[in-house]
Amino acid sequence: MPLVTTRQLLDEAAKGGYGVGAFNVNDMEQIQAIMEAAKETNSPVIIQASRGARKFAQDNYLYHLMLAAAELYPEIPLAMHLDHGNSFETCESAIKLGFTSVMMDGSLKPDGKTPATFEENVEVTRKVVDYAHERGISVEGEIGVLGGIEDGHGAGGSGLDHVTDPDQAVEFAELTGVDSLAIAIGTSHGAYKFTKKPDGSVLKMDLLIAIHKRLPNTHLVMHGSSSVPKDLQDIINQYGGKLKETWGVPVEEIQVGIKNGVRKINVDTDNRLAITGAIRKVFAESPEKFDPRDYLTPARAAMQKVVAQRMTQFGQAGHAGDYTAISIADMAQGYASGALVTKPLVAAK
Ligand SMILES: [Zn+2]
């Protein structure tokens, strides 16, 4: 199947009442792990690359690896998404390269650190939406500011510093016409999200539910949604690692989110943990080995296992064959004719 847009994937997920994991990649092995997991579970899939990933791998390598994935797995709907674009130019360059979906994170200024004003966020996001939709490409916006820092991107601090205000979420969705909306409900990027198992005081699921009530048809996105399972932390520490004790977002909470409008769930840390644990194990148990395949093969398998688990837990498993790809040109036509609605349905308070 050719690369599809996240708009199509998420519209289908909404129809089916499930969520779709969006997994970050930097290299070939991670893409292979995700595609094998998608094949194993018969899942549609979103692969995303951050600015850090584009810098690490270089755009052309990344793009051609994605094309290889689409070619090798014609039965899997696959979207290629830019994670946390920091400016119009970053989104524009991703679209020119061939990404089928971009996130314009206007919640921060272009430095990727300083919270932006609501007006600044609306302005830059609207500009990206106009440019992207004309070309059939999907846009994710963010309202509220996530906690933590990942790949040098983020405001830092606690996830509770700038949680999303439901009224602002409505206004933002109306003013920008985004295809999906990332909200801040207390989660943070990176491994160190919570210092104990999160409860309602730090993970604001009630806020998510309130936003969904006001915007019942808007595809919501949960960032910083790795679960940071203890068994993956333990493998790393058992083989010489020094991770401090930490908690992520429990899968049960994500499933509550999925029942309340969450259609895209970003997962990166869990895969990083799985890869690092598998590599450490080989290094510790077989220090005589030096062929990269001896540790990259189990690393890839460990990531595949985590991704397949998430695909099943999010409900996307089994849905790869539900639909055929809408071409990018037809998506552009859909936006131009108004067939692809960008005005959100807003429910009264
Ligand atoms: Zn994020």
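Please refer to the structure higher up on the page.
As the structure is a computational prediction, the values presented were derived from the model and not from experiment.

Participant: Just checking my understanding: could you explain the pattern of salt bridges for this structure?
Facilitator: Any two side chains of opposite charge can pair, so long as their charged atoms come close to each other. A full pass over the atoms with the stated rule returns 16 salt bridges. Of the charged contacts, one joins K281 and E285 as a salt bridge, the two residues approaching to 3.5 Å between their closest N and O atoms. Here K281 and its partner E285 are both found in helix α11 (residues 269-285), four residues apart, which amounts to about one turn of the helix. The exposure class assigned to E285 is partly exposed, which follows from its relative accessible area of 47%. Among the charged side chains, a network of salt bridges with common partners joins R7, D11 and D179.

Participant: Would you explain the packing of aromatic side chains in this entry?
Facilitator: Within a pair of aromatic rings, the relevant descriptors are the distance that separates the centres and the angle that separates the planes. Applying the stated rule across the entire model yields three aromatic pairs. For the pair F88 and Y131, a centre-to-centre distance of 5.3 Å together with 80 degrees between the ring planes defines the contact as edge-to-face. With F88 in helix α5 (residues 88-97) and Y131 in helix α6 (residues 118-134), the pair connects residues that are 43 residues apart, well separated along the chain. In terms of burial, F88 and Y131 fall into one category: buried.

Participant: So what exactly am I meant to see when it comes to the packing of helix α9 (residues 230-238) against α11 here?
Facilitator: For any two helices packed against each other, the geometry is given by the interaxial angle and the distance between the axes. The interhelical angle for the contact between α9 and α11, taken along N-to-C directions, is 35 degrees, at an axis separation of 8 Å. Viewed along their axes, α9 and α11 form a crossing whose handedness is left-handed. Contacts from L232, I235 and I236 in α9 reach D270, L273, A274, T276, G277 and R280 in α11.

Participant: What's the story with helix α2 (residues 28-41) in this structure? I'm lost.
Facilitator: Since the α-helix advances by 3.6 residues per turn, residues separated by three or four positions end up pointing in the same direction. Between its first and last C-alpha, α2 extends 20 Å over 14 residues, near the 20 Å set by a 1.5 Å rise per residue. Looking only at α2, the buried set comprises Q30, I31, A33, I34, M35, A37, A38 and T41. Residues of α2 that are buried sit in contact with β1 (20-24), β2 (45-50), α4 (59-72), β3 (78-85), α11 and α12 (292-314). The opening residue of α2 is D27, an N-cap whose side-chain oxygen sits 3.2 Å from the backbone nitrogen of E29. Count one or two residues on from α2 and you reach N42, which has phi positive near 55 degrees.

Parameters and conventions
Residues numbered from 1 in each chain as written. Predicted model: local features only at pLDDT ≥ 70, side-chain atom pairs only at ≥ 80, totals over all residues. Heavy atoms only, no water. Salt bridge = Lys/Arg side-chain N within 4 Å of Asp/Glu carboxyl O. Helix = DSSP H or I, 4+ residues; strand = E, 2+ residues; numbered from the N terminus. Buried < 20%, exposed > 50% of the residue type's maximum accessible area, 1.4 Å probe, protein only. Phe/Tyr/Trp six-rings, centres within 6.5 Å; stacked < 30°, edge-to-face > 60°. Axes fitted to C-alpha atoms, helices over the stretch in contact; angles between N-to-C directions. Left-handed = near helix turned anticlockwise from the far one by under 90°. Contact = heavy atoms within 4.5 Å. Expected span 1.5 Å × (residues − 1). Polar contact = N/O pair within 3.5 Å; in protein donor to acceptor, adjacent residues only side chain to side chain.

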